[in-house]
Amino acid sequence: MTTSNPFFEPSDLPYELPPFARIRNDHFLPAFTRGMADQRDEVAAIAAGAEPATFENTVEALERSGAVLDRVRRVFFNKVAADTDEEIQALEVEITPRLAAHDDLLLLDPALFDRLDALYEQRGKLGLDEEQLRLLERHHTHRVRAGARLAPEQQRRLRELNAEIAALCTEFGQNLRVDTAAAALVLDRAEELAGLPADQVAAAAENAQALGHPGKFALALKNFSCQTELAALEDPALRERLLAASLGRGTDSNGPIAVSLAGLRAERAALLGYPSHAAWEVADRTAGTTAAVEELFGRLVAPAVANAEREGAALAEAAGVAEIGAADWQYYSERVRKERFDLDAAALRPYLELDTVLHDGVFHAAGLVYGITFTRRPDLVSYHPDAHIYEVHDADGSPLGLYIGDFHARESKRGGAWMDSLVAQSKLLGQRPVVVNNLNVAKPPAGEPVLLSWREVNTLFHEFGHALHGLFSDVRYPLLSGTRVPRDFVEFPSQVNEMWADWPEVLAHYARHHVTGEPMPAELPARLREAENFGAGFRMVEHQAAAVLDWAWHTLTDGEVPDADAAEEFEAAALERYGLAMAAIPPRYRTGYFAHIFNFGYAAGYYGYRWAEVLDADTVRWFRENGRTIRESGEIFRRELLGRGGSVDPLAAFRAVVGRDADIGPLLDRHGLTD
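Residues numbered from 1 in each chain as written. Predicted model: local features only at pLDDT ≥ 70, side-chain atom pairs only at ≥ 80, totals over all residues. Heavy atoms only, no water.

Caption draft 1: Spotlight on the overall build of the protein chain. Counting secondary structure elements, the protein chain contains 26 helices and seven strands. For the C-alpha atoms alone, the extent of the protein chain along its principal axes is close to 80 × 60 × 55 Å. Counting across all 675 residues of the protein chain, residues that qualify as buried make up 59%. When contacts within the protein chain are restricted to residue pairs at least 6 apart in sequence, long-range pairs at least 24 apart make up 75% of them. A total accessible area of about 26600 Å² is found for the protein chain, and carbon and sulfur atoms account for 51% of it. Across the protein chain, 68 positive and 103 negative side-chain charges occur, with their mean positions spaced 3 Å apart. (Helix = DSSP H or I, 4+ residues; strand = E, 2+ residues; numbered from the N terminus. Buried < 20%, exposed > 50% of the residue type's maximum accessible area, 1.4 Å probe, protein only. Contact = heavy atoms within 4.5 Å. Areas by Shrake-Rupley, 256 points an atom, 1.4 Å probe, with all protein chains shown as cover. Lys, Arg positive; Asp, Glu negative; His and termini not counted. Charge placed at Lys NZ, Arg CZ, Asp CG, Glu CD.)

Structure, rendered in structure tokens:
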């Protein structure tokens, strides 16, 4: 096994695509063990170097270290998210705290920090170029923020905290996977699903078969609160059951874990000299301070609630009730949209077939804006049969990277939609990018078309924006590659890419009836935009409610964390405090299934979607009004921002594109809010 482990040497496949056909589960642990040992030895040699520290023998050497660990880490955690099994889950529990300890070893090594600190102090005299200077600063900042200046006893406690946090995050994610699967609604008869389009009923039958319930129908839960089927199901009792299942998952298993994580993060922040975990996080983000985030909340919450209340009144009138309930909001929203705007969401689906949206929409838009092309590579083996590989070429025909699209839900995949990087672009290492997009679209029976909702179309364009951020990376050093930017900036390019979903030239190219080939009726796009505006209040409130929950958990100071069984009470109090306790609009994520903040890297960062949307909305206006062609504007956006990764200050990159600081006005206009 030692000599045959596919992680021990660089892949000889195009673009160093991991050799998935050769990778087995029993390769992971030996590769992690060797990868960590190799990097420990490499870093020890750097730290113990007899020569005085230079950029090349210290900073650049760090960038070259850890090749085996990087390869296995990327593939393993992609598998954890997209194609897990019991063996992988057990290994995740074992390896996560070991990785946390390994990362601490590298970040807290005193001899290495002394070398970096000496370079940092004289950085202005080293003759470094812009990217080298940025790299030195990031390495130094990461270590200071990680506790490199703490006393040994403080560092000991810090290592304990990091290991506990890593283990609990893994436990949260695994609990959520189990709870979400267990909460699926299994129904006996198709008639119970009255209102759902035929293709979704067929997908529910396929899902039940996969879950071991042949002849029945299963509604599996998506990762967010308000399940998409609520807009169509005619049975109000079934809508109530579906929403209750969605809101209740993770409450018992993950509520206490969330409390523990909040407490551990608060203690760690205090140890590092910050009043809260949120203060520690935003200090290294574009927001800069907790006050800046609170100011954004203050500008958005009140007008969003007022907008949502107007929408709720219209829905109550349509339903003939005094007040609309949470389980009925989406159902009556569709009724109102149909009546006011003559738009039936179900009628859009036949025009939105997945492969057509991908090839003639997403890829076509990328060609219009950036000149790139995509070619299917069926000769290359991916990690799952559903994950298809495309080679990407630049406008001049030169190779750019690989794109993997994995769009179907399955039992082995977590919920949600995301982008991953299997190989990060780096001129230093001679690597081109290999990126992955994951969605969770229900798979219909074999031979049936995969029809998307409008929300799923937007999600595909959004995640592809992250993929472009990785594909267009044009930097020297791995630490600065692609999406390695502040958390409250990373969503900006992906949100910008959503604009192409309903750009007239793009929409006309992909929105065609999957049977007849007829284009979507010309009047539908305008009505679609009007109808979307009607739901802006709901969308803003559910998203802001999740953002303030995250914020409330992570602005706790050390010692003020609630009791282990008080997660629900804490959540309710937080929503009330921020003016977002609307019974009819639950948060997009409640605590028990808020994987963004308790399993992934968004702790104290969910506000970043709105923070980044300020930049996004302003950039969309720039694309529309700057007087250049789309292609010219795309080249500027790529050259000045997407290609720069983390090699420049992100807000400086924004200013290089737009020519000034961001204006919140376009965001307020987008959501029908008043400043």
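Now, onward.
Caption draft 2: Representation of the nonpolar core. Ranked by size, the top nonpolar core spans 166 residues in total, and within it Leu193, Tyr403, Phe461 and Tyr510 carry the most contacts. Among residues more than four places away in sequence, those in contact with Tyr510 are Tyr351, Leu352, Thr356, Val357, Asp360, Gly361, Trp454, Val457, Phe461 and Ala501. Counting 33 residues, the second largest nonpolar core, distinct from the first, contains Phe28, Val75, Ile95 and Tyr383. (Core = buried A, V, L, I, M, F, W, Y, C linked by side-chain atoms within 4.5 Å.)

Caption draft 3: Fine view of the sheet that holds strand E7 (residues 434–441). Taken in spatial order, the five strands make up an open sheet running E3-E4-E5-E7-E6, and their pairing is mixed. Of all the strands in the sheet, the pair left with one neighbour each is strand E3 (373–376) and strand E6 (418–423). Shown here is a sheet whose adjacent strand axes are inclined to one another by a mean of 30°, direction ignored. Where E3 lies against strand E4 (residues 388–393), four bridges are found, and the strand directions are antiparallel. Opposite Arg376, over in E4, you have Tyr390 as the bridge partner. Against the sheet, helix H3 (residues 67–82) makes contact with strand E5 (399–408), E6 and E7, and its axis sits at roughly 150° relative to E6, the strand it touches most. (Pairing = 2+ DSSP bridges. Axes fitted to C-alpha atoms, helices over the stretch in contact; angles between N-to-C directions.)

Caption draft 4: Here's a closer look at the pattern of salt bridges. All chains considered together, the criterion is met by 51 salt bridges. Ionic pairing is found between Glu130 and Arg644, a salt bridge with its closest N-O pair at 3.0 Å. In this pair, Glu130 sits in helix H6 (residues 130–146) while Arg644 sits in the loop between helix H24 (630–640) and helix H25 (650–658), placing the two residues 514 residues apart along the sequence. Overall, Arg644 belongs to the partly exposed group, its relative accessible area being 23%. (Salt bridge = Lys/Arg side-chain N within 4 Å of Asp/Glu carboxyl O.)

Caption draft 5: The environment of Gln155, seen in detail. Note on placement: Gln155 falls in helix H7 (residues 152–182). A residue is classified by how much of its surface remains accessible, and Gln155, at 10% relative accessible area, is buried. Considering only alpha carbons, one finds Gln155 and Asp104, 51 residues apart in sequence, at a separation of 9.2 Å. Not counting the four nearest positions on each side in its chain, Gln155 is found in contact with Leu108, Gly147, Ala148 and Leu150. Within the local environment of Gln155, its side chain forms a polar contact with the backbone oxygen of Ala148, the two atoms lying 3.4 Å apart. (Polar contact = N/O pair within 3.5 Å; in protein donor to acceptor, adjacent residues only side chain to side chain.)

Caption draft 6: Looking closely at helix H19 (residues 524–534). Buried within H19 are the following residues: Leu524, Pro525, Arg527, Leu528, Ala531 and Phe534. Taken down its axis, H19 places every buried residue within 160° of arc, on the same side. (Arc of directions from axis to C-beta.)

Caption draft 7: Up close: the packing of aromatic side chains. Here the structure, examined in full by the defined rule, presents 37 aromatic pairs. Taken together, a centroid distance of 5.6 Å and an interplanar angle of 35° make the contact between Phe7 and Phe28 tilted. Taken together, the residues Phe7 in the segment before helix H1 (28–47) and Phe28 in helix H1 connect sequence positions 21 residues apart. Owing to a relative accessible area of 3%, Phe7 belongs among the buried residues under this scheme. Under the relative-accessibility criterion, Phe28 is labelled buried at 1%. Centre to centre, the rings of Phe172 and Phe598 are 5.4 Å apart; their planes meet at 40°, and the pair counts as tilted. Of this pair, Phe172 sits in helix H7 while Phe598 sits in helix H22 (residues 595–598); the two residues are 426 residues apart in sequence, bridging distant segments of the chain. (Phe/Tyr/Trp six-rings, centres within 6.5 Å; stacked < 30°, edge-to-face > 60°.)

Caption draft 8: Highlighting the packing of H1 against H3. With their axes 8 Å apart at the nearest point, H1 and H3 run at an angle of 145° to one another. Every pair of crossing elements has a handedness; the one defined by H1 and H3 is left-handed. Residue-level inspection shows Phe28, Ala31, Phe32, Gly35, Met36, Asp38 and Gln39 of H1 in contact with H3, the latter providing Val68, Leu69, Val72, Arg73, Val75, Phe76, Phe77 and Lys79. Grouping the amino acids of the contact of H1 with H3 by side-chain chemistry returns ten nonpolar, two polar and three charged. (Left-handed = near helix turned anticlockwise from the far one by under 90°. Nonpolar A, V, L, I, M, F, W, Y, C, P; charged D, E, K, R; others polar.)

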